[in-house]
Amino acid sequence: MNHVKRIVLTFARLAVCSVLAVTMLPNNAKADVSCRSNYTSFTITMPGTVAVPRDLANGSMLTSWSMMPNTTNMYTCTSTNLTYSGIDFELAGMSSTMTSYTASYNGTAFPVYQTTLPGVGIAMGGNLNAHGRTAGPVGFNGMGFHWNSNGTNDNGGQLIVALVKIGDITPGTLSGLIAQGFSWEGAVSPPAGDNPASGVISFNISPVVVTVLTCQTPDKTIPMGIHGPSDLPTVGSTSSNPASFTLDLNNCPGGAPVAGLSVGQINSIQYRIDPSNGVVAGFTNVAALSGSPSAGGVGIQLYDSTGAVFPLSVYKTLSNFNSATGGSYNIPLTARYYRTGTLTPGPANSTMTMTVLYQ
């Protein structure tokens, strides 16, 4: 079991009294504490579905904060001779390694841990109660708290969580065990430690379906036809019969935004076209041909619906996208051959890639 930094809050006066009480005990006396758990598990209710734009920045919160009730009596302990007792939370189930990301809850940075779903982390922290005293909010890497007073005392706390994007997301479902609670018991030296015999409490989250918001973008093949020198008489001339086509973004999901978060819908779509072989040297927005062998002295230029040259390798915004309704969209374009030098015969093909940015 991994133990991490803990919060131990005592008053100097109590510490002195503890030492005096121990020194006055007869030789056969010993410190003692007896604890029992009053619960076996808690389930934190999470949003049923989280819809994430594919290009949302890492470190962005995917949900608002969810929490269990602040439960002060998870464990009831009876202490004698000022023996310490308290509460400790440990990672379990689908949460594992702490990442470099944090999420702020009421001004406190909660660490974010990896989950079993790629690209999705879980931020965890909460509040602590021991013998009627409180601490928090604290990050999960500091969720342990004990105190030393005689008599029957309750110990407990509250776990607070949220999902956070930590990388490229694989759609799927998160649910189940994320942490366990232990009764923290023992003398001051050696330090108090977890006692599973007093009962282990499981902390779970309800199922969360994580989806990634994207449009369908089918491949396109555009026939350019057969052309000769008469179609491109001089450098800078273009073929007279353009090839028309559309870029298609189909079945783009719509949705309602989540208040205060960048999830729930695609807010905007941008797209760009990059020639696989780059542009012809010395020319702007003229795509170089692909393949070998290929024709010489010619490239391909794209034009938008107004007849203006379409800029290559530059993001453009899909202006008519409706984030609430989604839908399918077409971007009309045409392609022409563009003469760049001395013509030589051969295939005149070019491959280009469309990149779509969702925000």
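Residues numbered from 1 in each chain as written. Predicted model: local features only at pLDDT ≥ 70, side-chain atom pairs only at ≥ 80, totals over all residues. Heavy atoms only, no water.

A word on the confidence of the model for the protein chain. Low pLDDT means the predicted coordinates in that region are not meant to be read closely. The predicted model of the protein chain averages 89 in pLDDT, with 90% of residues at 70 or higher. Note on residues 1-31: pLDDT under 50 across the span, and 48 contacts to partners over four residues away in sequence or across chains. (pLDDT = per-residue confidence, 0-100. Contact = heavy atoms within 4.5 Å.)

Here the focus is the state of the cysteines. Applying the stated criterion across every chain yields a total of two disulfides. Between the sulfur atoms of Cys 215 and its disulfide mate Cys 252 the distance is 2.0 Å. Judged by the sign of its S-S torsion, about 120°, the cystine formed by Cys 215 and Cys 252 is right-handed. In this pair, Cys 215 sits in the loop between strand 16 (201-213) and strand 17 (243-252) while Cys 252 sits in strand 17, placing the two residues 37 residues apart along the sequence. Pair check on accessibility: Cys 215 and Cys 252 agree, each one buried. If you count the bonded cysteines of the protein chain from the N-terminus, they pair up as 1-2, 3-4. (Disulfide = S-S within 2.5 Å. Helix = DSSP H or I, 4+ residues; strand = E, 2+ residues; numbered from the N terminus. Buried < 20%, exposed > 50% of the residue type's maximum accessible area, 1.4 Å probe, protein only.)

The next subject is the sheet that holds strand 19 (residues 296-303). Taking strand neighbours across the sheet as the criterion, the three strands line up as 17-21-19 in an open arrangement whose pairing is antiparallel. The strands lining the two open edges of the sheet, one partner per strand, are strand 17 and strand 19. Direction aside, the axes of adjacent strands within the sheet are offset by 30° on average. Two strands pair when backbone bridges link them, and strand 17 and strand 21 (residues 327-344) are joined in this way by eight bridges, in the antiparallel orientation. Opposite Phe 245, over in strand 21, you have Leu 333 as the bridge partner. (Pairing = 2+ DSSP bridges. Axes fitted to C-alpha atoms, helices over the stretch in contact; angles between N-to-C directions.)

The next thing to look at is the packing of aromatic side chains. For the coordinates displayed, the defined rule picks out 11 aromatic pairs. Plain terms: the ring middles of Trp 65 and Tyr 105 are 5.4 Å apart, the flat faces sit at 75° to each other, and that makes the pair edge-to-face. One end of the pair, Trp 65, is in the loop between strand 4 (49-53) and strand 5 (66-67); the other, Tyr 105, is in strand 8 (residues 98-105), with 40 residues separating them in the sequence. Owing to a relative accessible area of 12%, Tyr 105 belongs among the buried residues under this scheme. Here the aromatic rings of Tyr 271 and Phe 310 are separated by 6.4 Å at their centres, their planes lie at 20°, and the arrangement is stacked. Taken as a pair, Tyr 271 in strand 18 (residues 269-275) and Phe 310 in the loop between strand 19 and strand 20 (316-317) lie far apart in primary sequence, 39 residues in all. Judged by relative accessible area, Phe 310 falls into the buried class, the value being 1%. Taken together, the ring pairs connect Tyr 39, Phe 42, Phe 89 and Phe 203 into an aromatic cluster. The cationic tip of Arg 272 hangs over the ring face of Tyr 315; the distance from NZ or CZ to the ring centre is 5.1 Å. A cation sits over an aromatic face here: Arg 336 above Tyr 303, 5.7 Å from the ring centre. (Phe/Tyr/Trp six-rings, centres within 6.5 Å; stacked < 30°, edge-to-face > 60°. Lys NZ or Arg CZ within 6 Å of the ring centre and 35° of its normal.)

A word on the layout of surface pockets. Taken as a whole, the largest pocket encloses approximately 610 Å³ of empty space. Contributing to the lining of the largest pocket are 23 residues, with Lys 220, Thr 221, Ile 222, Thr 351 and Met 352 lying nearest its centre. Going through the elements one at a time, strand 17, strand 19, strand 21 and strand 22 (352-358) are the ones with two or more residues in the lining of the largest pocket. The element contributing the most residues to the lining of the largest pocket is strand 17, with four residues. When grouped by side-chain class, the residues that make up the lining of the largest pocket number 13 nonpolar, seven polar and three charged. (1 Å grid on protein atoms, 1.4 Å probe; cavity = no way out; pocket = protein on both sides within 12 Å on 5 of 7 lines; lining within 4 Å. Points joined across faces, edges and corners; volume = space filled by probe spheres on them. Nonpolar A, V, L, I, M, F, W, Y, C, P; charged D, E, K, R; others polar.)

Attention now goes to the pattern of salt bridges. When the charged atoms of two side chains with opposite charge come close together, those side chains can pair. Applying the stated criterion to the full structure yields three salt bridges. The closest approach of N and O atoms between Asp 248 and Lys 220, which form a salt bridge, is 2.7 Å. In this pair, Asp 248 sits in strand 17 while Lys 220 sits in the loop between strand 16 and strand 17, placing the two residues 28 residues apart along the sequence. We classify Asp 248 as buried; its relative accessible area is 11%. A salt bridge links Arg 272 to Asp 274, with the shortest nitrogen-to-oxygen separation between them at 2.9 Å. (Salt bridge = Lys/Arg side-chain N within 4 Å of Asp/Glu carboxyl O.)

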